[in-house]
Amino acid sequence: MKTKIDTEAFRVSPVDGVTLGDRPTRVKSFCKSKKHYKKLLEEHVEVLTELQQLHYASERYALLLVFQGMDGAGKDGAIRHVMSGVNPQGCEVFSFKQPSAEELKHDFLWRTTCRLPERGRIGIFNRSYYEEVLVVRVHPELLHTQLLPEKVLDEKDIWEKRYRSITDSEEHLSRNGTRIVKIFLHLSKEEQRKRFLARIDEPDKNWKFSLSDIHERKYWKQYMEAYEACLSATSAHHAPWYVVPADDKENARLIVSQIVIDTFKGLHMAYPETSGARRKELLSIRKQLAK
């Protein structure tokens, strides 16, 4: 791959946090044309295919990719295009929407904990437990639907405690071999407006549009404040957040794919070694097959 994307430029510092107003929603394109984009993405996908096979065979780590972003940010498209070459046997995607009645009877991490990837596999969360410090923070009335004790509801530092629950959980997973990468697709309000219009104007995109999308758009400022606080509080060395400019979908997909590639390469994976006894057994079988 000739085009190298510096993913560190998009990473959120665990020390300094992030100010979203200082982060662009669009950066200079890494490709010269549509044809060039397809070529670069194809190269990334080929590398990811090889790395995923190695990951699956080594069975030493699990990889969890968390995607968050405003409606229309391109989460579905990024997952679909970037992971297009991954063997379905080694990858699962879960979308977390409004909690069910059963899920509300458990702690807020329960429903996602049940979906964590096994070693050797990739788990992808399209929205996640972070909704509990994003949507619920913007709409705190939702806390009263979660059957929580009154004492918890009255706590002034409830969000800080939820951040702590999340970071403690992620640190535990990291100690036990799960690599966590969290991607925030940073979309501008104007670009969201254009994408919503396209969903209305293009019949084959009508299914994507919901009146709730427009309702949540009214809370844009509150969401940006919630994201900024969340990303700053929960980005860690072992579970980093990346703020990916999302106004240009194709550019965003190239950045995301490079982040996943870099993460895989940082795991120092290797295929299982064949023992001397096993090698002799294989050679014996080969002789039989060669007859």
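Above this note sits the structure.
Please read all numbers here as calculations on a predicted model, not as lab measurements.

**Regarding the nonpolar core**
Consideration 1: One finds Leu 65, Ile 122, Val 244 and Phe 264 to be the most contacted residues of the largest nonpolar core, which totals 40 residues.
Consideration 2: Of all the secondary structure elements, the ones that give two or more residues to this core are helix 1 (34-58), strand 1 (62-69), helix 2 (75-82), strand 3 (122-126), strand 4 (178-186), strand 5 (241-245) and helix 11 (249-265).
Consideration 3: The residues touching Phe 264, leaving out its near neighbours within four places in the chain, are Leu 48, Leu 51, Gln 52, His 55, Leu 63, Ile 122 and Met 269.
Consideration 4: Residues Tyr 130, Trp 159, Met 224 and Leu 231 belong to the second largest nonpolar core, which totals 36 residues.

**What to know about the packing of helix 1 against helix 11**
Consideration 1: Contact geometry of helix 1 with helix 11 gives a least axis separation of 10 Å together with a crossing angle of 25 degrees. Here helix 11 runs roughly parallel to helix 1, going by the angle between their axes. In this structure, the crossing between helix 1 and helix 11 has a hand that is left-handed. Listed contacts from helix 11 to Lys 34, Tyr 37, Leu 40, Leu 41, His 44, Val 47, Leu 48, Leu 51, Gln 52 and His 55 of helix 1 are Glu 250, Arg 253, Leu 254, Ser 257, Gln 258, Val 260, Ile 261, Phe 264 and Lys 265.

**Some words on the pairing of strand 4**
Consideration 1: Burial analysis of strand 4 places 8 of its 9 residues in the buried class, which makes it a mostly covered element.
Consideration 2: As paired elements, strand 1 and strand 4 share 8 bridges and run parallel to each other. Pairing of Phe 67 across the sheet is with Ile 183, part of strand 4.
Consideration 3: With 5 bridges connecting them, strand 4 and strand 5 associate as parallel partners.

**What about unusual backbone geometry?**
Consideration 1: Of note in this structure, Arg 127 is not a glycine but carries a positive phi near 70 degrees.
Consideration 2: Residue position: Arg 127 is located in the loop between strand 3 and helix 5 (135-138).

**Some details on helix 10 (residues 220-234)**
Consideration 1: The terminal C-alpha atoms of helix 10, which comprises 15 residues, lie 21 Å apart, in line with the 21 Å expected from a rise of 1.5 Å per residue.
Consideration 2: Turning to helix 10, its buried residues number three or more, namely Trp 220, Tyr 223, Met 224, Ala 226, Tyr 227, Cys 230, Leu 231 and Thr 234. Along the axis of helix 10, the buried positions cluster into a sector of 165 degrees, meaning they face one direction only.

**Concerning the state of the cysteines**
Consideration 1: Scanning the entire structure with this criterion turns up 0 disulfides.
Consideration 2: Here Cys 91 is not disulfide-linked; the sulfur of Cys 114 is the nearest cysteine sulfur, at 19 Å.

**A short note on the pairing of strand 1**
Consideration 1: Of all 8 residues that make up strand 1, 8 are buried, and the element is covered over most of its length.
Consideration 2: Burial along strand 1 is two-sided: the face carrying Ala 62, Leu 64, Val 66 and Gln 68 and the face carrying Leu 63, Leu 65, Phe 67 and Gly 69 are both buried.
Consideration 3: Strand direction decides the pairing type here: strand 1 and strand 3, joined by 5 bridges, are parallel. Pairing of Leu 63 across the sheet is with Ile 122, part of strand 3.

**Some remarks on the packing of helix 7 (residues 158-175) against helix 10**
Consideration 1: Axis separation between helix 7 and helix 10 bottoms out at 10 Å; the angle between their running directions is 40 degrees. It follows from the interaxial angle that helix 7 and helix 10 lie oblique. Relative to helix 10, helix 7 is oriented so that their crossing is right-handed. Contact residues: Tyr 163, Thr 167 and Glu 170 in helix 7; Ala 226, Ala 229, Cys 230, Ala 233 and Thr 234 in helix 10.
Consideration 2: When grouped by side-chain class, the residues that make up the contact of helix 7 with helix 10 number 5 nonpolar, 2 polar and 1 charged.

**Some details on the packing of aromatic side chains**
Consideration 1: Applying the stated criterion across every chain yields a total of 6 aromatic pairs.
Consideration 2: Seen in terms of ring centroids, Tyr 129 and Tyr 130 are 4.9 Å apart; in terms of plane orientation they differ by 35 degrees. Their pairing is tilted.
Consideration 3: With relative accessibility at 0%, the residue Tyr 130 sits in the buried group.
Consideration 4: Seen in terms of ring centroids, Phe 196 and Phe 209 are 5.8 Å apart; in terms of plane orientation they differ by 80 degrees. Their pairing is edge-to-face. With Phe 196 in helix 8 (residues 189-201) and Phe 209 in the loop between helix 8 and helix 9 (211-217), this pair connects stretches of sequence that are 13 residues apart.
Consideration 5: For Phe 196, a relative accessible area of 4% corresponds to the buried category.
Consideration 6: With relative accessibility at 22%, the residue Phe 209 sits in the partly exposed group.
Consideration 7: An aromatic cluster of three or more residues is present, and its members are Phe 94, Phe 96 and Phe 125.

How each quantity is defined
- Residues numbered from 1 in each chain as written.
- Predicted model: local features only at pLDDT ≥ 70, side-chain atom pairs only at ≥ 80, totals over all residues.
- Heavy atoms only, no water.
- Core = buried A, V, L, I, M, F, W, Y, C linked by side-chain atoms within 4.5 Å.
- Buried < 20%, exposed > 50% of the residue type's maximum accessible area, 1.4 Å probe, protein only.
- Helix = DSSP H or I, 4+ residues; strand = E, 2+ residues; numbered from the N terminus.
- Contact = heavy atoms within 4.5 Å.
- Axes fitted to C-alpha atoms, helices over the stretch in contact; angles between N-to-C directions.
- Parallel < 35°, antiparallel > 145°, perpendicular 65-115°, else oblique.
- Left-handed = near helix turned anticlockwise from the far one by under 90°.
- Pairing = 2+ DSSP bridges.
- Expected span 1.5 Å × (residues − 1).
- Arc of directions from axis to C-beta.
- Disulfide = S-S within 2.5 Å.
- Nonpolar A, V, L, I, M, F, W, Y, C, P; charged D, E, K, R; others polar.
- Phe/Tyr/Trp six-rings, centres within 6.5 Å; stacked < 30°, edge-to-face > 60°.

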